[in-house]
Each structure stands twice: as structure tokens, then as C-alpha cells.
Amino acid sequence: MSETRIPLRNEIADSDKWDLSSLFPSDESWNQGLEKLSAMIPSIDTFRGTLDRSPEALAACLNFMTEFEILAEAVGSYAMLQYNADGGDSLNQQRYGKYFAVASRGEAASSYLVPEIQAIDPEKMKVFMESPLLADYRIYLEKLLRFKPHVLSEKEEKLMSLRMEADMTAHKAFSALTDVDMEFGSICEGGVDRPLSQSSFTSFLMSSDREIRKKAYFQFYEGFDRHKNTISALYAGNIHLDIFKARARNYGSSLEASLFPDKVPVSVYDNLIAAVRRNFPVLHRYYELKRKALGVERIAHYDVYSHFVPACEMRHTYDEAVNEIINALAPLGDDYCQVLKDGLLHGWVDRYENKGKRSGAFSAGCYTGKPYILMNFQEDRIRDLFTLAHEGGHSMHSYYSVKSNCFKNYDYTIFEAETASTFNEQMVAHYLIDKYRDQPEMLLYLAGKQADDFVATVFRQTMFAEFEKIVHEKGEAGEPLTLDLFRSVYRQLLSDYFGPDVELFAVSDLEGLRIPHFYRAFYVYKYATGLSAAVALSDKVLQDGESARLKYREFLKSGGTRYPLDSLRMAGVDMSTPEPVLSAINAFSRELDIIENLI
């Protein structure tokens, strides 16, 4: 679909929009749902002080709260999806605001529940959990009770909760400064001045014109150089906050505190970094191949994000893209493919851009509705085909999780989610590379895209993860967190990861001050582990056939019944060892073989 202007929401065909009737058939029925949700809130307090009396009393509370949470999830999903489809519509804005007002009241009313459950005598709780009345809640309760050593007294918990909004100050200030207040000027490209910003910087670095890449690079970091002390102070404050919360809750370190909810040992984090470091020669080979492809004497830091070759012409209508995805996923079986195809073609996806619609893409499932997908699909962007496959992976994960589990057990972790989505991308890449194996230019483009994505997701995110680990450890050791410290640590990492043949500059280490993910500590490693697991599992499905397919499907069905390492181990990949990461790097090396032969 191509338009010379961005269409209004009411100009998009209904067949190209998601069908939200699985949540509520109309806005009026949504209003009724919101009213029912609001009316349930006063009843939450009736369970206070009763939870340790008997299994029946605890089950009565959990049954009520499950009904409340299922309705709240549906009400919130409908409001969120309508708002993201057209955030400029005042009705959508009002609906979203009404939901948050009610949800906040519900959260405040139920804040006593978790501490009260955790306060139940362990022996009594052991007896309670043998009751069939609590069968659907055993996993939920076991996970909840695991946090007990890190729960504080009631007064201390109240103080911690009162601090939550203030905790966001550093992140909010960083976003306001870098996204709104800082001015980076503009870059002339094709005779048109385009604004340079946090969001447009990457697209300039991917330009096929080296002078544009160079100009954007130095102009952008001039802006950060002017504000480097302020940003450094914000990040140092955020690190100290991480350290405070970890120590207040009796964790050994801020890294341990971050990994605890997923039951991931620190060794997994360390194994990732060690495995990547052992394979620096493979990464440095990638940069040498890119240098050859670009035809430059020495590759510079501003060159590394450009493509091996300009994007090849490969147009797909939306329906054609769906067919390509389904063909690529055929090894997963007819059941998986038929459900996904029906969903992508009939009501799951809001397909095209319209005025007021959120940019990018996402999948957003809930227990009572379809696993909806937001897209801004364009026919001439091959990446949009991969994005649709990626979001389809999330949605099928949600589909199987809902179908196979009770409400309290259906939600899975980000650690697992990143595997299910990138698994589909890997399958599409395998399919397209095989399909275009006799067309060298297209094959080079596809192999180059795969290599670029792997470097961005595994090597780059691991470098970020290592930086976070080092600076948090220094803060925990009492070392002052200064601008010079951040820059020196980051520069050494740049030197290690890019190698001696990539030209770095005086401003290069300012990159460490611009990464928004650093304000959500120890999150980025999940991108690297997720893709590593996806590469290993997709290879298994393609090589081992039925047995690997069934294991992968069981992983999708497991939802939140297991911790992520256990569910992935069931699928056939053990992320507690470095083997999946090493296997993924070997696959990356094979992509480099294709690129080298074609160059």
C-alpha cells in the first residue's frame, strides 16, 4: 500500500485493521467492562487479614483477584490498542486515561496482598498448597514465596513504594534532555535538510554516502560533548539507585538482583561475555569484510553500521509477505502455520500506517483476546517482512501459552519472548537465502542483513552488558562514578570489540552516554541470549525435523509454568552453558563465508 500522504484512520479499510471484538464487541461494552472493574475494587479489601486462615480463604481471595485481573487486562488491552492505532483521537485519549485511573485504584487497593501472602507461616503454607482448591495457584505461589528473603517489613516496604516515582527521575531527565532539549541540527541528504536526532542518527549512519555518515557522526557527538557532564551525573545517579535497591533487599549485587526474578544465575551473564570475547577474531573478520565491501582503505567507526550492499528491490504486498512467512515456517507443522496465517490475514494485525498511529511494531496479547499485532507495513521494505515474522512469533507464543495454561501461569518472560520472535526471523532468513541462492546480489544483501543483525543483537548488546557490569561493580566497590571513568571503560570496550583495524575518534566513547537501555540495568543481555537460543533452535528444527519441532512447540506452550532456563532446556537448548552462544557464532561465521565468497 503506497500513499503520497499519510491517510487518516477512517480512510483505512476495516479489513486492514485489527478486529478487537475478541476483547469487547463495542465501545459501549468496553464502558460496561470498565464500570464493572471499578465496582469490584471495594471488595478487594474484604480479604485483608483472612489469607492465613485456611486454604479456602486464600483460594477465595485468589479466585476473586484472578477475575479482577482478567477483566483489567482486557479493559487495558482494548484501551491501549485503540490509543496506539490513533493517539490523536480524543476519545482514545480519554479511554486510556479512564483505564489508568481505575487501574491505579485497583493497584493501591490490592497492595497488601503480596506481603500478607508472604507472611503466612511456611509450614502452614505447605499444607495450604496441598489443597486442590489452590491447584491453579501453586506455581504462582511458589514463585511469589521465593522472593520472601528479599521482602522488607511493612513500614520499610511502604517507604520503598513511596520512592517509586522518584526512581524514574534520572531516566526521565535523560529522555527529556536527549530527545527534546538537545539540538543536533540537520543533515542535507538528496538536496533535502533532514533533522538529526536520537531517532534519526542510526538511519544516517546506514547511508550509502560516506560523507553523510561522517558528518552525522561528528555533528551528533558534538551535541553529547556539550552535555556530557550532565548525562554522566544522571547515569551515575541511576547506578547508585540500582545499588541502593539491591542492598536494601539483601541481594549480593545489583546484577544478582536483576537476574533473580528469572532465576538466572550470574554465571549465565558471565558465560555470554566470555564466549563473545573468545570469538573476537570472528567479529573482527566481519569488520574487515565490510571494509572490503565499502571499498575504503580503513573502516571508521561511522562506517560500521552501513550495509554491505544497498537494499535490493524486493517488493511484497502484505498478502505476499504472509505467504512467504508461512512457507518459511512450514517445518513447524500445519497446525502452527494455519493458525498464524488465519490470524495474520483475519483480524490479528493492524497493517498500515495512519495519522496518529504509533510508529514501529509490537505484539500485544492478553488472556481473553487475540494476540494482536501493530504494523506499519510497507511493500518495498524487506525488513517489514522480517518484522511481521518477528511479531508473529510473539503472537504464536501468546496463542499457545493462553491455550495451554490457566491465567496465573500463562505469562512468559522477556528472556523467552526474545527467543520465540527471533526464531521466526531465523526461519525466514534460511528460507529466503535458499530461495535466492542463485542470485548473487540478492544473496549478498540477505546474508549481509543477517550478519548485521547478528552483530547488532549479540556482539553489540554483549558489549553493552559488559559495560553495565563493570561500572556497577566499580560503584559497588565505592569507586567514584565520574565522566572520565565511564569514558575510559567504554573506550576500552570499543577497542576490544571493534579491534585494531576500526578507526576510533576522540568522541567515539561518548556513545556510552547515549544508550537509553542503560537506565534499565542488565536488560540488554536478553537480546543476545534470545537470538543465540533462536539460532540453535531453528537449526535443530531444520536439521532434526519432527522431534525438534515437538520440543519447540512444548516450549511455546509452557507459558510461565517454568523459569526461562528450564523452558529453553526443555526445547533443546541449555543457556546455562556457553554452547548455544558459541553455536550461534559459528552460524554467524558461515554467513561471513557466504559474504566473502560473493565479495
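Further up the page is the structure itself.
Residues numbered from 1 in each chain as written. Predicted model: local features only at pLDDT ≥ 70, side-chain atom pairs only at ≥ 80, totals over all residues. Heavy atoms only, no water.

### A look at the pairing of strand E2 (residues 192-195)
Two faces make up the sheet, and in a regular strand the side chains alternate between them. For the record, the criterion: Strands were regarded as paired on the criterion that DSSP finds at least two bridges between them. The numbering of helices and of strands both runs from the N terminus, where a helix is a DSSP run of H or I of at least 4 residues and a strand a run of E of at least 2.
Pairing analysis gives four bridges linking strand E1 (residues 186-189) to E2, with the strands arranged antiparallel. Note on E2: the bridge partner recorded for Glu-189 is Val-192. Here E1 hands over to E2 after two residues, with Gly-190 in that stretch at a positive phi of 65 degrees.

### Examining the packing of aromatic side chains
Rules: Planes of paired rings set the category: under 30 degrees apart is stacked, over 60 is edge-to-face and the rest tilted, where pairs are Phe, Tyr or Trp rings (Trp by its six-membered ring) whose centres lie within 6.5 Å. Summary of the burial criterion: residues with accessible area below 20% of their type's maximum are buried, those above 50% are exposed, and those between are partly exposed, where the area comes from a 1.4 Å probe applied to protein chains only. Definition used: whenever NZ (Lys) or CZ (Arg) falls within 6 Å of the ring centre and also within 35 degrees of the ring normal, the charge is taken to sit over that ring.
Tallied over the full model, the rule gives 55 aromatic pairs. Ring plane angle 40 degrees and centroid distance 6.5 Å describe the contact between Trp-18 and Phe-362, whose orientation is recorded as tilted. Placement of the pair is Trp-18 in the segment before helix H1 (27-44) and Phe-362 in strand E4 (residues 362-364), with a sequence separation of 344 residues. As far as the burial class goes, Trp-18 and Phe-362 line up, both buried. Arranged with centres 5.0 Å apart and planes meeting at 65 degrees, the rings of Tyr-96 and Phe-100 form a pair that is edge-to-face. Of this pair, Tyr-96 and Phe-100 are both found in helix H3 (residues 90-109), four residues apart, which corresponds to roughly one turn of the helix. What links up through ring pairs into an aromatic cluster is the set Phe-184, Phe-201, Tyr-217, Phe-218, Phe-220, Tyr-221, Phe-224, Tyr-302 and Phe-505. Sitting over the face of the ring of Phe-308, Lys-290 holds its NZ or CZ atom 4.8 Å from the ring centroid. Stacked on the ring of Tyr-140, the Lys or Arg Lys-408 has its end atom at 4.2 Å from the ring centre.

### Observations concerning the environment of Val-266
Put simply, the rule reads: Throughout, a residue-residue contact means that at least one pair of heavy atoms, one from each residue, lies within 4.5 Å.
Position of Val-266 among the secondary structure elements: in helix H14 (residues 266-278). For the pair Val-266 and Asn-238, spaced 28 residues apart in the sequence, the C-alpha separation amounts to 21 Å. Filtering out sequence-adjacent residues up to four positions away, Val-266 remains in contact with Leu-255, Glu-256 and Leu-259.

### Topic: the sheet that holds strand E5 (residues 372-374)
Here is the rule we go by: Angles shown run from 0 to 180 degrees and are taken between the N-to-C directions of axes, each axis being a line fitted to C-alpha atoms and, for helices, limited to the stretch in contact.
The strand order across the open sheet formed by three strands is E3-E5-E4, and the pairing between neighbours is mixed. Of all the strands in the sheet, just strand E3 (349-350) and E4 have a single pairing partner and so form its edges. Strand direction decides the pairing type here: E4 and E5, joined by three bridges, are antiparallel. Looking at E5, one finds that Ala-364 is bridged to Tyr-372. This element, helix H2 (residues 55-85), spans E4 and E5 of the sheet and lies at about 155 degrees to E4.

### Details of the packing of helix H19 (residues 414-435) against helix H20 (residues 440-476)
Basically, it comes down to this: By definition in this entry, angles of less than 35 degrees are roughly parallel, angles greater than 145 are roughly antiparallel, angles of 65 to 115 are roughly perpendicular, and the rest are oblique. The crossing is said to be left-handed when, going from far helix to near helix, the turn is anticlockwise and less than a right angle, and right-handed when the turn is clockwise. Any residue outside Ala, Val, Leu, Ile, Met, Phe, Trp, Tyr, Cys, Pro, Asp, Glu, Lys and Arg is labelled polar, Gly included; the first ten of those are nonpolar and the last four are charged.
Between H19 and H20, the shortest axis-to-axis distance is 10 Å and the interhelical angle comes to 160 degrees. The angle between H19 and H20 falls in the class roughly antiparallel. Read as a crossing pair, H19 and H20 show a hand that is left-handed. Contact with H19, carried on its side by Glu-425, Gln-426, Ala-429, Leu-432 and Ile-433, involves Leu-443, Leu-446, Ala-447, Lys-449 and Gln-450 of H20 and no other residues of that element. Residues of the contact of H19 with H20, tallied by class, amount to six nonpolar, two polar and two charged.

### Considerations on unusual backbone geometry
Positive phi is not limited to glycine here, since Asn-250 has a value of about 65 degrees. Mapped onto the elements, Asn-250 comes out in the loop between helix H12 (228-248) and helix H13 (254-259). Positive phi, normally seen in glycine, also occurs at Phe-522, with a value near 60 degrees. Mapped onto the secondary structure, Phe-522 falls in the loop between helix H21 (483-498) and helix H22 (525-544).

### Some remarks on the packing of helix H15 (residues 280-294) against helix H25 (residues 579-598)
Where H15 contacts H25, the two axes come as close as 10 Å, and the packing angle between them is 25 degrees. It follows that H15 is roughly parallel to H25 by the angle criterion. Seen along the crossing, H15 lies across H25 with a hand that is left-handed. Together, Val-282, Arg-285, Tyr-286 and Leu-289 of H15 and Ile-585, Phe-588, Ser-589, Leu-592, Asp-593, Ile-595 and Glu-596 of H25 make up the contact between the two elements. A per-class count over the contact of H15 with H25 returns seven nonpolar, one polar and three charged.

### Considering the pattern of salt bridges
Here is the rule: Whenever Lys or Arg places a side-chain nitrogen within 4 Å of a carboxyl oxygen from Asp or Glu, that contact is recorded as a salt bridge.
Under the criterion given, the structure shown has 40 salt bridges. For Arg-553, the salt bridge identified is with Asp-335, shortest N-O distance 2.7 Å. Of this pair, Arg-553 sits in helix H23 (residues 546-557) while Asp-335 is found in helix H17 (residues 334-345), placing the two residues 218 residues apart along the sequence. Looking at Arg-553, the relative accessible area reads 8%, which means it is buried. Residue class for Asp-335 comes out partly exposed when judged on its relative accessible area of 36%. Via salt bridges that share partners, Arg-9, Asp-350 and Lys-357 belong to a single interconnected network.

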